[in-house]
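# Results of the structural survey
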Amino acid sequence: MSEKSNTTKQESRISMLINRCIGIWNYCTSGVWNDSRKTWQVNLLKTINLSVSSFLSHDLQSRACALTYRTLLALVPALALLLAIGRGFGLQQILQDQLIKYFPSQHTVLNAAFGFVDSYLKEASGGVFVGIGIVFLLWTLISLLSSVEDCFNNIWQIVRGRLFWRKVTDYLAIFLILPVIMICASGLQLFMTTSLKTLLPYDFIDSALPVLLDCLSIVLTWLFFAGSYMLIPNTKVKPIPAIIAGVAVGSAYQILQWLFVSGQMYVAKYNAIYGSFSFLPLLLLWLQLVWLFTLIGGVLCYASQNISEYNFSEKINRISTNYRLQIAIVIMGIISKRFYEEKQPVSASEISQTYAIPINLVRPLVAKLNAAKLVNYLQSDDNDLTNHPLQPALEITDLTVGEVADRLFNTGESGFIEEFNSRFPEVSAIASKYLNIMKTSSDTPIIRLMETEIPSSQPTGNQTTLTSKS
């Protein structure tokens, strides 16, 4: 009996352990989005969850391959433009040294590219490189940066990119300013080295300076990636998520550089296969990994800033029509009341934050109200409509709840199925009668609707916001 009892207890413990593991897995994969706590542990788990799902859904590997191809296409034209500007100031050699310093794992590629660039510029000075050549050079550069922007906009789910002429001016400005920054960085490094030796004439400074400069290089790499995540997407990116992603990707980039530099001595066998082109497979692999890390950083930045957009995502997908209508009427009431009281208009994101309504529910409902000609978006410098202020699109003094509901129900395409009304006349009559009764019976003015608003406290613990069973 004792052996049977011990076996039963052991099976019970194993079953409890399995159920506990399943519960943890379900919480980590889906249940965490129903947890309204804002602790750093919950936010970290949501960020990891969203990063993994975005990585799998955005097909980053294929996008990294496309960017690798465009980078190869734009490599020589980009170097030609940089070195041509440097040659104009008599600083071409400094730029070449800086490029080799920034990309030590690709010194073979850069030396070969410098030879191509010299031929490129000689042909330009000889008069052969005219018209079509200049257009091709500029097109390859603009096309590369435009592709990078499209990838970032896709990650951020931005439909509308920059205008073409703004792309041309912004991207050309980048390539014109970049060589100046590189030259200034070289001068700054020399100035810092000389100044520190003068101010601190100690023996340990000579050995500490290389470490200090290496740390400075790492910090500049972090800032470069953070700035890219803030400036390239055609939307407003907050500094903190960009810095988090910049530090993560910048560190990964430095590790990748070290691996390629230290591992090149072990790939001598490629010389026997590719001969003088042995650097090509390594270059392709390096570019592929760099772009993949860069896009992963974009996903991490997006996930860090937008974890609140995915709260209650499963419940919102199954939300009832009744509950959706209630929230839409509340949003219309908030906008109307603020307009009536001559207060500053609010945006969809502000409504979400103030009333603890998930933004991925507020955004489509505001779009529905706009389509029903109930609210208008005011002009804003932000390209994301979520941050545009909102105001009523019609006279609200006599606007009732029933009229709002009627407009919402009747907005959209209808009557496009042939002979539907003639085949089902009774259904059409009942539906029209129901909508008419709802419109006439709900005669509460929309501006009075929010007078009974009860201030709510922030949810705590595992308490959720969407608890209605409508």
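Residues numbered from 1 in each chain as written. Predicted model: local features only at pLDDT ≥ 70, side-chain atom pairs only at ≥ 80, totals over all residues. Heavy atoms only, no water.

### Side note on the overall build of the chain
- A tally of regular secondary structure across the chain gives 19 helices and two strands.
- Going through the 470 residues of the chain one by one, you find that 36% of them count as buried.
- Summed over its atoms, the accessible surface of the chain is roughly 28,200 Å², and 63% of this surface lies on carbon and sulfur atoms. (Helix = DSSP H or I, 4+ residues; strand = E, 2+ residues; numbered from the N terminus. Buried < 20%, exposed > 50% of the residue type's maximum accessible area, 1.4 Å probe, protein only. Areas by Shrake-Rupley, 256 points an atom, 1.4 Å probe, with all protein chains shown as cover.)

### Comments concerning the packing of helix α14 (residues 348–355) against helix α15 (residues 359–371)
- Closest axis-to-axis distance for the α14/α15 pair is 9 Å, and the angle between their directions is 135°. Considered as vectors, α14 and α15 are oriented oblique to each other. Helix-helix and strand crossings are classified by hand; for α14 and α15 the assignment is right-handed. Contacts from A348, S349, I351 and S352 in α14 reach I359, V362 and V366 in α15.
- Looking at the contact of α14 with α15 residue by residue, the class counts come to five nonpolar, two polar and no charged. (Axes fitted to C-alpha atoms, helices over the stretch in contact; angles between N-to-C directions. Parallel < 35°, antiparallel > 145°, perpendicular 65-115°, else oblique. Left-handed = near helix turned anticlockwise from the far one by under 90°. Contact = heavy atoms within 4.5 Å. Nonpolar A, V, L, I, M, F, W, Y, C, P; charged D, E, K, R; others polar.)

### Remarks on the nonpolar core
- With 40 residues, the main nonpolar core has I155, W156, Y229, W286, L295 and C301 as its most contacted residues.
- Where this core is concerned, the elements lending two or more residues are α2 (40–57), α3 (60–88), α6 (132–155), α8 (203–231), α9 (239–263) and α11 (279–305).
- Here the element with the most residues in this core is α11; it accounts for 11 residues.
- With residues up to four places along the chain from it excluded, the contact list for W156 reads P233, T235, V237, G298, C301, Y302, Q305 and N306.
- Counting 36 residues, the second-largest nonpolar core is a separate cluster that includes I335, I357, L390 and V404. (Core = buried A, V, L, I, M, F, W, Y, C linked by side-chain atoms within 4.5 Å.)

### Some remarks on the packing of aromatic side chains
- As enumerated under the stated definition, the model contains six aromatic pairs in all.
- Note on F152 and Y229: the rings are 5.7 Å apart at their centroids and 20° apart in plane angle, and the pair reads as stacked. With F152 in helix α6 and Y229 in helix α8, this pair connects stretches of sequence that are 77 residues apart.
- Summarising the aromatic geometry, the rings of F224 and F225 are spaced 5.5 Å apart at their centres and angled 75° between planes, so their arrangement reads as edge-to-face.
- Residue F224 is classed as exposed on the basis of its relative accessible area, which comes to 54%.
- Judged by relative accessible area, F225 falls into the buried class, the value being 7%.
- In textbook terms, an aromatic cluster arises when at least three aromatic residues are bridged by ring pairs, as seen for F224, F225, Y253 and W286. (Phe/Tyr/Trp six-rings, centres within 6.5 Å; stacked < 30°, edge-to-face > 60°.)

### Some details on the pattern of salt bridges
- Taken as a whole and assessed by the stated rule, the structure comprises one salt bridge.
- The residue E341 makes a salt bridge to K343 at a minimum N-O spacing of 3.2 Å. (Salt bridge = Lys/Arg side-chain N within 4 Å of Asp/Glu carboxyl O.)

### Observations regarding helix α16 (residues 401–410)
- Taken together, the buried positions of α16 are occupied by V401, G402, V404, A405, D406 and L408.
- Against the buried residues of α16 lie α13 (321–340), α15, α18 (425–441) and α19 (446–449).
- Positive phi appears at G412, one or two residues downstream of α16, with a value of about 125°.

### Overview of the environment of M438
- Note that M438 resides in helix α18.
- The sequence separation of M438 and G402 amounts to 36 residues, and the corresponding C-alpha distance is 6.0 Å.
- In this structure M438 touches G402, A405, D406 and F409, once residues within four positions along its chain are discounted.

### Digging into the environment of L50
- You can see L50 is positioned in helix α2.
- When the C-alpha atoms of L50 and S304 are compared, they prove to be 8.7 Å apart, with 254 residues separating the residues in sequence.
- If sequence neighbours within four positions are ignored, L50 has contacts with W33, Y302, A303, N306, I307 and Y310.

### A look at the packing of α13 against α16
- One way to put it is that α13 packs onto α16 with a least axis distance of 10 Å and a crossing angle of 120°. Judged by the angle between their axes, α13 and α16 are oblique. Crossing hand, α13 versus α16: right-handed. Here L325, A328, I329 and M332 of α13 lie close against α16, whose contacting residues are V401, V404, A405, L408 and F409.
- Among the residues making up the contact of α13 with α16, the classes are represented as nine nonpolar, no polar and no charged.

### Structural notes on the confidence of the model for the chain
- When the pLDDT values of the chain are averaged, the result is 76; 70% of them are 70 or greater.
- Taken together, the stretch residues 455–470 has pLDDT below 50 and engages in 26 contacts with residues farther than four places along the chain or on a different chain. (pLDDT = per-residue confidence, 0-100.)

### Thoughts on the side chain of N153
- With respect to the helices and strands, the residue N153 is situated in helix α6.
- A relative accessible area of 3% means that N153 is categorised as buried.

### Some thoughts on unusual backbone geometry
- Look at E342: it is not a glycine, yet its phi comes out positive at around 60°.
- Relative to the assigned elements, E342 resides in the loop between α13 and α14.
- Given a relative accessible area of 74%, E342 falls into the exposed group.

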